[in-house]
Amino acid sequence: MTQHQSEFPVAGPELDADWWRGAVIYQIYPRSFQDDNGDGIGDLPGITRRLSYVASLGVDAIWLSPFFTSPMADMGYDVSDYCGVDPKFGTLADFDALLEEAHRLGLKVIIDQVLSHSSDQHPWFKESRSSRDNAKADWYVWADAQPDGTAPNNWLSVFGGPSWEWDGIRKQYYLHNFLASQPDLNFHNADVQDALLDTVRFWLDRGVDGFRLDTVNFYFHDADLRSNPPAQGANGGIGADAPDVNPYGMQQHLYSKTRPENLEFLERFRALLDEYEGRTSVGEVGASDALRIVSEYTEPGRLHMCYTFDLLSPDFSAAHFRRSVEAFESTVKGGWVCWAFSNHDVIRHLSRWIMPGEDRRNLARFAITFLSCLRGSLCLYQGEELALDEAELAFEDLTDPYGIRFWPAYKGRDGCRTPMVWDQDLPAGGFSTGKPWLPVTPTHQATAVKGQEADTASVLHHYRAQIAFRKAERALIDGTIQFLDSDGDVLAFLRETPEETLLCVFNFGREAAEFAVPDDVTLTPVSLPHFGVKPSDARIALGPLDAMCARVAR
């Protein structure tokens with residue numbers, strides 16, 4: 001078997017231009033997926049070697065976190081060359097090989113685009129800061145100090161402290177919504193927009209199938225640099241604007257992000273994508289009023305879909321999930337959502353939701369069963385199919401500037417970014433022959449792919465079965481969703497197309513519960529993987545963290 005051959009069956013090509021609608025996307029964090037050269041950092045050849053495994057899950061696409069040239073102050077989200085591959089990850093030829101193998105396996109490829117800011121090592125910024133009258137002097141957001149030398153306004157950085165940094169060369173402040181080494185690009189300058197869209201075209205021409213737009217509501221700032229007002233009422237916490245240890249959440253970010261001018265740029269971005277067949281876009285919206293923004297950003301001619309942090313919170317209850325989904329359905333009339341429970345920026349969902357002494361494998365099976373029944377597209381984060389929890393790391397192991405800044409009140413994002421585990425019998429779980437950039441914990445090592453492949457009752461096999469179940473039931477892909485009344489911590493809803501209706505029932509509680517089937521509903525059982533609940537004529541009995549799906553007779 002050659003390096004790029006698949007050990008799993010190869011899917012046929014997907015010709016549907018709306019392939020993204022209802023798709024299951026698998027997020028790969030390149031530094032942590034597979035290291036092929038032994039330097040302890042994952043790379044593109046390593047990803048390519050493992051793509052057959054990803055395809056075996058039954059997913060439709062992969063999302064690659066940034067692999068572009070970068071000084072790695074924020075692990076690649078500080079780009080110094082939008083059209084280059086960082087040598088840590090490989091070469092452009094390695095990316096092309098990855099893209100070719102993914103397409104051969106029937107996988108679409110979505111890449112991260114970090115357009116709101118660049119690295120301070122980008123040639124654009126180096127030229128911009130060199131003087132006030134160079135060709136790129138206005139490519140970043142520069143402003144004079146106030147008469148007393150302080151920053152132009154009160155805007156705060158997501159990563160802590162003011163969002164303004166003094167530059168002694170220009171004798172001005174520049175804006176950075178994140179690290180000081182991540183200066184914000186000035187989207188009010190049409191030349192900046194053109195240059196960024198040229199980099200998007202570069203990857204479209206190489207054959208990528210879509211883009212995940214990082215911090216998509218941060219592109220524009222208020223041209224008058226008005227200060228933000230204080231937040232009204234409770235704010236902060238995961239799911240709002242920042243962890244509650246960070247004063248960033250104490251402002252209403254009316255002027256530092258989510259400006260109305262952004263809509264026109266999104267239309268330019270979409271027009272570019274529409275020049276190519278079957279491309280898609282998904283925007284990351286971080287804000288306390290995210291649904292309003294998603295509604296605007298996914299109107300026709302803008303983004304295909306967005307995701308918010310609503311389901312990335314510590315809240316694990318039927319009421320919370322119903323409230324979140326119904327809020328989206330009522331607010332976002334024509335748009336599409338991408339739901340996720342975990343990603344590279346938040347504590348893994350099993351650690352957020354686990355109860356003391358609970359077997360996380362049961363929670364993992366329940367979570368993917370519920371997620372796969374929701375209306376929308378889905379995004380899985382690497383390792384969740386193995387029931388990985390948040391890794392406990394020592395302060396000296398941290399690399400995340402966010403966690404280092406707010407330790408110990410906030411431990412940062414390294415705990416969800418530790419390496420993928422492939423073989424429980426190999427050092428570092430088979431991720432690398434060298435020392436991994438983040439440690440592999442014994443708990444993770446024990447849950448490696450090799451061991452779970454051999455166990456038909458494993459979480460990995462359940463993920464495969466559940467994704468296959470979703471694909472087999474058209475109502476779960478694009479059917480409507482209607483919630484039904486239920487008692488306790490039980491959530492019930494109908495997924496319906498003109499051809500079929502499914503009833504899905506979930507007990508989020510840790511005690512047995514019942515669901516009363518409406519009088520006008522007659523059910524035919526449909527077996528969900530792992531869960532053995534069968535509907536009676538009138539009441540459905542559910543164990544703790546149990547689920548049932550049945551076809552509604554017509």
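Colleague: So, the overall build of the chain: which residues are in play, and what are the values?
Modeller: What the chain contains, in helices and strands, is 14 helices and 20 strands. A compact globule built from 554 residues would reach a C-alpha radius of gyration of about 24 Å, and the chain, at 24 Å, matches this within 12%. Viewed in the frame of its principal axes, the chain has a C-alpha envelope of about 75 × 55 × 50 Å. Taking all 554 residues of the chain together, the buried fraction comes to 62%. Put simply, 69% of the contacts in the chain that link residues at least 6 apart link residues at least 24 apart. Summed over all atoms, the accessible surface of the chain reaches about 20,600 Å², with 51% contributed by carbon and sulfur.

Colleague: Which residues make up the packing of aromatic side chains, and what values do they have?
Modeller: According to the stated counting rule, one finds 49 aromatic pairs in the structure shown. Arranged with centres 4.8 Å apart and planes meeting at 5°, the rings of Phe 187 and Tyr 219 form a pair that is stacked. Of this pair, Phe 187 sits in the loop between strand E8 (172–175) and helix H4 (190–206) while Tyr 219 is found in the loop between strand E9 (210–213) and helix H5 (262–273), placing the two residues 32 residues apart along the sequence. One exposure class covers both Phe 187 and Tyr 219, and it is buried. Ring-pair connections join several aromatic residues into one group, and the members of that group are Phe 316, Phe 321, Phe 341, Trp 353, Phe 366, Phe 370, Phe 483, Phe 493, Phe 506 and Phe 508. One cation-aromatic arrangement involves Arg 21 over Trp 336; the distance from NZ or CZ to the ring centre is 4.8 Å. Taking the ring centre of Trp 139 as reference, the NZ or CZ of Lys 136 above it sits at 4.7 Å.

Colleague: Break down the pattern of salt bridges for me, with residues and values.
Modeller: Oppositely charged side chains can form a pair if their charged atoms are brought close together. For the structure shown, the criterion picks out 36 salt bridges. The shortest N-O distance in the salt bridge between Asp 222 and Arg 226 comes to 3.0 Å. Here the salt bridges do not stand alone but share partners, grouping Asp 74, Asp 345, Asp 400, Arg 413 and Arg 417 into one network.

Colleague: Explain the sheet that holds strand E7 (residues 164–167) to me, using residue names and the numbers behind them.
Modeller: Pairing is antiparallel across the open sheet formed by three strands, whose spatial order is E6-E8-E7. Pairing within the sheet leaves two strands with one partner each, and these edge strands are strand E6 (142–143) and E7.

Colleague: Can you lay out helix H2 (residues 92–104) for me, pointing to particular residues and giving the numbers?
Modeller: Taking 1.5 Å of rise per residue, 13 residues should cover 18 Å, and H2 covers 18 Å from first to last C-alpha, within 8% of that figure. Those residues of H2 not exposed but buried are Phe 95, Leu 98, Leu 99, Glu 101 and Ala 102. Each buried residue of H2 sits inside an arc of 170° when the element is viewed along its axis, so together they form one side. Seen from the open side of H2, the exposed residues pointing more than 90 degrees away from its buried face are Ala 93 and Glu 100. Those residues of H2 that are buried are in contact with helix H1 (44–56), strand E2 (61–64), strand E4 (81–85), strand E5 (108–113) and H4. Gly 106 occupies a position one or two residues after H2 and carries a positive phi of about 85°.

Colleague: Let's hear about helix H6 (residues 290–297): which residues, and what values?
Modeller: Among the eight residues in H6, six count as buried, and that is most of the element. Turning to H6, its buried residues number three or more, namely Ala 290, Leu 291, Ile 293, Val 294, Ser 295 and Tyr 297. Where H6 is buried, its residues touch H5, strand E11 (305–307) and helix H7 (318–331).

Colleague: Please set out the sheet that holds E5 residue by residue, giving values where relevant.
Modeller: Read across the open sheet, the eight strands follow the order E11-E10-E9-E5-E2-E1-E13-E12; overall the sheet is parallel. On the outer flanks of this sheet lie E11 and strand E12 (338–340), each paired with one strand and no other. Ignoring strand direction, the axes of neighbouring strands in this sheet form an average angle of 25°. Judged from the four bridges that link them, strand E1 (residues 24–28) and strand E13 (residues 377–381) form a sheet pairing that is parallel. If you follow Ile 25 over to E13, its bridge partner there is Cys 379. Its contacts with the sheet put H4 on E5 and E9, and the angle it makes with E5 is roughly 160°.

Colleague: Outline the packing of H1 against H2, supporting the account with residue identities and numerical values.
Modeller: One way to put it is that H1 packs onto H2 with a least axis distance of 9 Å and a crossing angle of 15°. What the angle tells us is that H1 and H2 run roughly parallel. When the axes of H1 and H2 are compared, the crossing they make is left-handed. Between H1, through Leu 44, Pro 45, Ile 47, Thr 48 and Leu 51, and H2, the contact on the second element is made entirely by Asp 94, Phe 95, Ala 97, Leu 98, Glu 101 and Ala 102.

Colleague: Any chance you could break down the state of the cysteines for me, citing the residues and the numbers?
Modeller: Applying the stated criterion across every chain yields a total of zero disulfides. Left without a disulfide partner, Cys 373 is nearest to the cysteine sulfur of Cys 504, which lies 4.0 Å away. Free cysteine: Cys 416, not disulfide-bonded; nearest cysteine sulfur from Cys 379 at 13 Å. Residue Cys 416 is classed as buried on the basis of its relative accessible area of 0%.

Colleague: Any chance you could break down the confidence of the model for the chain for me, citing the residues and the numbers?
Modeller: Residues of the chain with pLDDT of at least 70 account for 93%, and the chain-wide mean is 93. Scored below 50 in pLDDT, residues 1–14 makes 29 contacts in the model with residues more than four places away or belonging to other chains. This model gives residues 234–240 a pLDDT under 50, and the stretch forms 17 contacts once residues within four places in sequence are excluded.

Cut-offs applied
Along each chain, numbering runs from 1 in the same order as the chain's sequence is written. Confidence filtering applies because this is a predicted model: local features only for residues at pLDDT of at least 70, side-chain atom pairs given and counted only at 80 or more, and all residues used for totals across whole chains, interfaces and linings. Side-chain metrics rest on all non-hydrogen atoms present in the structure, leaving aside hydrogens and water. Here a helix means four or more residues in a row that DSSP labels H or I, a strand means two or more in a row labelled E, and each is numbered from the N terminus. Computation of the radius of gyration draws on C-alpha atoms alone. For the globule rule, the value is 2.2 Å times the number of residues to the power 0.38. Note on exposure labels: buried denotes an accessible area under 20% of the residue type's maximum, exposed denotes more than 50%, and partly exposed covers the range between, all computed with a 1.4 Å probe on protein chains only. Two residues form a contact once any of their heavy atoms are found within 4.5 Å. With residues, only the protein chains shown are counted as cover, and all accessible areas are computed by Shrake-Rupley using a 1.4 Å probe. Pairing of aromatic rings covers Phe, Tyr and Trp, the last counted by its six-membered ring, and requires centre-to-centre distances within 6.5 Å; plane angles under 30 degrees mean stacked, over 60 mean edge-to-face, and any other angle means tilted. Only when the NZ atom of a Lys or the CZ atom of an Arg is both within 6 Å of the ring centre and within 35 degrees of the ring normal do we say a charge sits over the ring. A pair is scored as a salt bridge if a Lys or Arg side-chain nitrogen falls within 4 Å of a carboxyl oxygen belonging to Asp or Glu. In short, DSSP must find at least two bridges between two strands for them to pair. Any helix carries an expected span of 1.5 Å times its number of residues minus one. Our arc is simply the arc of the directions from the helix axis toward the C-beta atoms. Fitted lines through C-alpha atoms serve as axes, helices being fitted only where they are in contact, and the angles separating the N-to-C directions of these axes extend from 0 to 180 degrees. Roughly parallel refers to an angle under 35 degrees, roughly antiparallel to one over 145, roughly perpendicular to one between 65 and 115, and oblique to any angle outside these ranges. By definition, turning the near helix anticlockwise from the far helix through less than a right angle yields a left-handed crossing, and turning it clockwise yields a right-handed one. We call a pair of cysteine sulfur atoms a disulfide when they lie within 2.5 Å. Confidence of the prediction at every residue is given by pLDDT, a number between 0 and 100.

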